[in-house]
Amino acid sequence: MLCDIDCRRQTALTENPSGHEFMRSLEGWSAICDNIFLWDYGINFDNYLSPFPNLSTIRDNMQIFRSHGVKMHFSQINSTLGGDFSDLRPYLVSKLMWNADAPLDSLERHFCEAFYGDAAPYILRYIHMLEGAAVATDVDLFIYDTPVSYKGNILSPALFRRYEALFDAAEAAVASDPIKLRRVRLTRLPLQYSYLEIARTEPSRDVAAVEEALSLFESRIREFGVETLNERGNSPLDYCAMYRDRYLADNRENLAFGCPVSYIIPPKDGYAALARTALTDGLYGGTGFRENWVGWEGSDASFVIDLGRETAIQSVSVDFLRQIGAWVLEPLSVAFSVSSDGESYEPFDCVEIPENRDGTIGFLCVTGLSRAQARFVKVVVTGQKVCPEWHYGVGNPCWFFIDEVSVK
């Protein structure tokens, strides 16, 4: 059994570097074995409701598998309600399992005409436009990612406007057919979710427009009964409630907003550039750790925030990500201290964090409470460093991620 879990999905496995690495394994086993079980992946598992333009690669990869002695094929493409083309994907895979040489365009057209009726031409144009953008920009399409990663390429503002226009036309084409209108609107959910995810990362945004989009998304989630956002089982209704709390809150009271951060124990390599601003930029990260989060692996963390002037402080909060399936665990404790001169620090508070084995993706805000006059705030995070005995990564280095520090 072979699995291609780390491969990117914008092109066939023979057409991108990550695929080339996997192909060396497949070719090696193919030379000595003609009975291979291939476990393939074809959806964004961190965000089911995210556009994932890989339909055109399904047939190419199946033909590659067949020519290398693959006799059994498990295609993990997710048909969870509300996921990106969760009806079309299993249809295509099922047809291609029987005949990997079947014409993909004909299969897509046959399905869309039967499923969407008069809206089919617009849905097909959306599929082809999105996939064309993925190939043209050579986007790094990964199965554990966030729509935010694509806001500069396949989900750029210019393309987004065109996608929205196609769905507007699709809805209008079947406005008198409630069944097909429902299908079009269900298919549109990943685009609406992507708008919300990208909007939360923008320093300046139309809050009223975002609130309206969030309300529409929430109403459609309720209407269709969509129950999960990702393979960890996070609820989309919980997401909507969290979004209002986390991303639409007014951060102007944060004394640390825009303040410089100096690191005593710096983050993991690769996070240095982001770390210069991410902890005090007012932007909270999402459920994926690929944007807005600063990460430490197998270590503690220590840094100082310069508030610019001495001021009265009553609380300091640090926001963490929990994603234990990706070996991102909550830390053991957070200690806060303060200083007027940046040299001599006095303890402010220390918070011990109880063990949390919750498998859903979530956030933890750790707050130290006291009273002080100070200019500098030091934060020391004691991490778990290695996965504990109850975790399937036991003994291996684990991570923790921080996205924002708030001082009030």
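Refer to the preceding data block for the structure.
Residues numbered from 1 in each chain as written. Predicted model: local features only at pLDDT ≥ 70, side-chain atom pairs only at ≥ 80, totals over all residues. Heavy atoms only, no water.

Novice: What's the story with helix H7 (residues 178–199) in this structure? I'm lost.
Specialist: Residues spaced three or four apart along an α-helix point in a common direction, a consequence of the helix completing one turn every 3.6 residues. If you check H7, its first and last C-alpha atoms are 30 Å apart, about what 22 residues at 1.5 Å a residue would give, namely 32 Å. Roughly 35° is the biggest bend found in H7, and it falls at Leu189, with proline Pro190 one to four residues downstream. Burial analysis of H7 places 16 of its 22 residues in the buried class, which makes it a mostly covered element. (Helix = DSSP H or I, 4+ residues; strand = E, 2+ residues; numbered from the N terminus. Expected span 1.5 Å × (residues − 1). Bend = angle between axes of the 7 residues up to and from the residue. Buried < 20%, exposed > 50% of the residue type's maximum accessible area, 1.4 Å probe, protein only.)

Novice: What is the right way to read the nonpolar core from this model?
Specialist: For soluble globular proteins, the rule of thumb is that nonpolar side chains tend to be buried together. In terms of nonpolar packing, the biggest core is built from 70 residues, with Leu49, Tyr116, Phe217, Tyr239 and Tyr243 touching the most fellow members. If you list the elements that add at least two residues to this core, you get helix H2 (55–67), helix H3 (88–98), helix H4 (104–116), helix H5 (120–137), helix H6 (157–173), H7, helix H8 (207–224) and helix H9 (236–246). Among the elements that take part in this core, H7 stands out by supplying nine residues, more than any other. Grouped together as the second largest cluster of nonpolar side chains are 40 residues, Val316, Val379, Trp399 and Val407 included. (Core = buried A, V, L, I, M, F, W, Y, C linked by side-chain atoms within 4.5 Å.)

Novice: I tried to follow the pattern of salt bridges on my own but got confused; where do I start?
Specialist: Inspection of every chain in the model, using the stated rule, returns 25 salt bridges. As a salt-bridge pair, Glu218 and Arg222 come within 3.6 Å of each other at their nearest N and O atoms. In this pair, Glu218 and Arg222 are both assigned in helix H8, four residues apart and thus about one turn of the helix distant. Since its relative accessible area comes to 16%, Glu218 is described here as buried. Among the residues examined, Arg222 registers a relative accessible area of 54% and is labelled exposed. With its nearest N and O atoms 2.6 Å apart, the salt bridge here joins Asp319 to Arg246. Placement of the pair is Asp319 in strand S6 (residues 301–322) and Arg246 in helix H9, with a sequence separation of 73 residues. (Salt bridge = Lys/Arg side-chain N within 4 Å of Asp/Glu carboxyl O.)

Novice: Even after reading the chapter, I still don't get unusual backbone geometry, so can you show me in this structure?
Specialist: Glycine aside, negative phi is the norm for most residues, and most peptide bonds take the trans geometry. One non-glycine residue, Asn292, lies in positive phi territory at about 70°. With respect to the secondary-structure elements, Asn292 resides in the loop between helix H10 (272–275) and strand S5 (294–297). Residue class for Asn292 comes out buried when judged on its relative accessible area of 12%. Non-glycine residue Trp327 carries a positive phi angle of around 65°. Residue position: Trp327 is located in the loop between S6 and strand S7 (333–339).

Novice: Whenever I open this one, the sheet that holds strand S1 (residues 2–3) confuses me. Can you help?
Specialist: Sheets are built from strands paired through backbone hydrogen bonds, the pairs being either parallel or antiparallel. Across the sheet, which stays open at both edges, the three strands sit in the order S1-S2-S3 with parallel pairing between neighbours. Each end of this open sheet is capped by a strand with a single partner; those strands are S1 and strand S3 (70–76). Across two bridges, the pairing between S1 and strand S2 (residues 36–41) is parallel. Considered in S2, the bridge of Leu2 is made with Leu38. Against the sheet, H2 engages S2 and S3, with an angle of about 150° to S3. (Pairing = 2+ DSSP bridges. Contact = heavy atoms within 4.5 Å. Axes fitted to C-alpha atoms, helices over the stretch in contact; angles between N-to-C directions.)

Novice: Looking at this structure, I do not really get the layout of surface pockets. What am I missing?
Specialist: Left-over empty space is what a probe sized like a water molecule reveals as it rolls over the atoms. Looking at the largest pocket, its volume works out to about 590 Å³. The wall of the largest pocket is formed by 31 residues, among which Met242, Asp245, Arg246, Asp319 and Phe363 lie closest to the centre. If you tally residues by element for the lining of the largest pocket, the top one is H9, at five residues. Here the lining of the largest pocket is built from residues that sort into ten nonpolar, twelve polar and nine charged. (1 Å grid on protein atoms, 1.4 Å probe; cavity = no way out; pocket = protein on both sides within 12 Å on 5 of 7 lines; lining within 4 Å. Points joined across faces, edges and corners; volume = space filled by probe spheres on them. Nonpolar A, V, L, I, M, F, W, Y, C, P; charged D, E, K, R; others polar.)

All we've got here are geometric facts, nothing functional implied.
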